[in-house]
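# Structural overview for review
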Amino acid sequence: MRTQIGLLLALMLAVAAVATLGATGQVTFVNDPITGQPLALVEGIPGPEKGPPCQLDQRYVDEQPEGLREDVAAAWQRLRDKAAAANVKLCVQDGKRSVGQQEREFADAVRRFGTRELAAKYVLPPEKSMHVKGIAVDIQPIASAVWVERNGREVGWCRRYANEQWHFEYDPGYVTAGCPALLPSATGS
C-alpha cells in the first residue's frame, strides 16, 4: 500500500511538473524534508495573466487568486468573506505571477520608466517579488484597497508601499504584531 501511495505521489508530482513546465518554460524542485520527495516550488507556478472586468470599475480586471500559497489562498478567502460581510467587493488586479510573468512585467516597466532603478520602484525583478512568492495581491478599485488597508490586518493582509495604494502582502504575524511601516516604494527608497 505504501509503495502504491508513493508511486501515486510521484506520478502526481510529475504531472504537476509537466504542466508547470508547459506553462512557464521552467520548473524548480526542492526535496521535502519530511518525505524526501521532490516538490515543485510555488515560484514556478504561473498565476492568471488576466481576468474578467472588475464589476466595480471596468478599467481593471478581477483575476482568480490561483497559484497563491495554500495559507495565503485561505487568508485571501477570509479577507473576501470579511469584505462581503461589510458589503465591499474586492477585485484582484494582479495576484500570483511566475518568474516569467514577473520578468515580462519588469521589462515593460523598464521600457516605460527608462531605467531598471526607476522601474523597480513599481515592479520588482522576479527574485524580489512577493507576487512570485505567491503572497501578494494588487486590489482594485482604490476604494476597495482603502477598505483593505483599514480592515485587512485582522486577517493578515497589510499594504506595504507608500507609492502603491493597491499592493497588499499576507503574513500571519500581521494579525498580532500589526502592519509594518510603509516602505516609500518597492525598492524601499
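As the structure is a computational prediction, the values presented were derived from the model and not from experiment.

## A look at the environment of G95
Topologically, G95 is positioned in the loop between β3 (91–94) and α3 (99–113). When the C-alpha atoms of G95 and H131 are compared, they prove to be 6.1 Å apart, with 36 residues separating the residues in sequence. Beyond its immediate stretch of four places on either side in the chain, G95 contacts E63, H131, A136 and V137.

## Regarding the pattern of salt bridges
Considering all chains together, one arrives at 11 salt bridges under this definition. With a closest N to O distance of 3.7 Å, D138 and R97 form a salt bridge. Taken together, the residues span a long stretch of sequence, with D138 in strand β4 (residues 136–140) and R97 in the loop between β3 and α3 at a distance of 41 residues. Each member of the pair, D138 as well as R97, carries the same accessibility label: buried.

## Observations regarding α3
A rise of 1.5 Å per residue sets the reference length of α3, with its 15 residues, at 21 Å; its end C-alpha atoms lie 21 Å apart and thus fit the reference within 8%. Within the sequence span of α3, burial applies to V99, G100, Q101, Q102, F106 and A109. Its buried side turned inward, α3 meets α4 (116–119). Looking at the residues trailing α3, positive phi occurs at G114, about 95°.

What counts, and where the lines are drawn
Residues numbered from 1 in each chain as written. Predicted model: local features only at pLDDT ≥ 70, side-chain atom pairs only at ≥ 80, totals over all residues. Heavy atoms only, no water. Helix = DSSP H or I, 4+ residues; strand = E, 2+ residues; numbered from the N terminus. Contact = heavy atoms within 4.5 Å. Salt bridge = Lys/Arg side-chain N within 4 Å of Asp/Glu carboxyl O. Buried < 20%, exposed > 50% of the residue type's maximum accessible area, 1.4 Å probe, protein only. Expected span 1.5 Å × (residues − 1).

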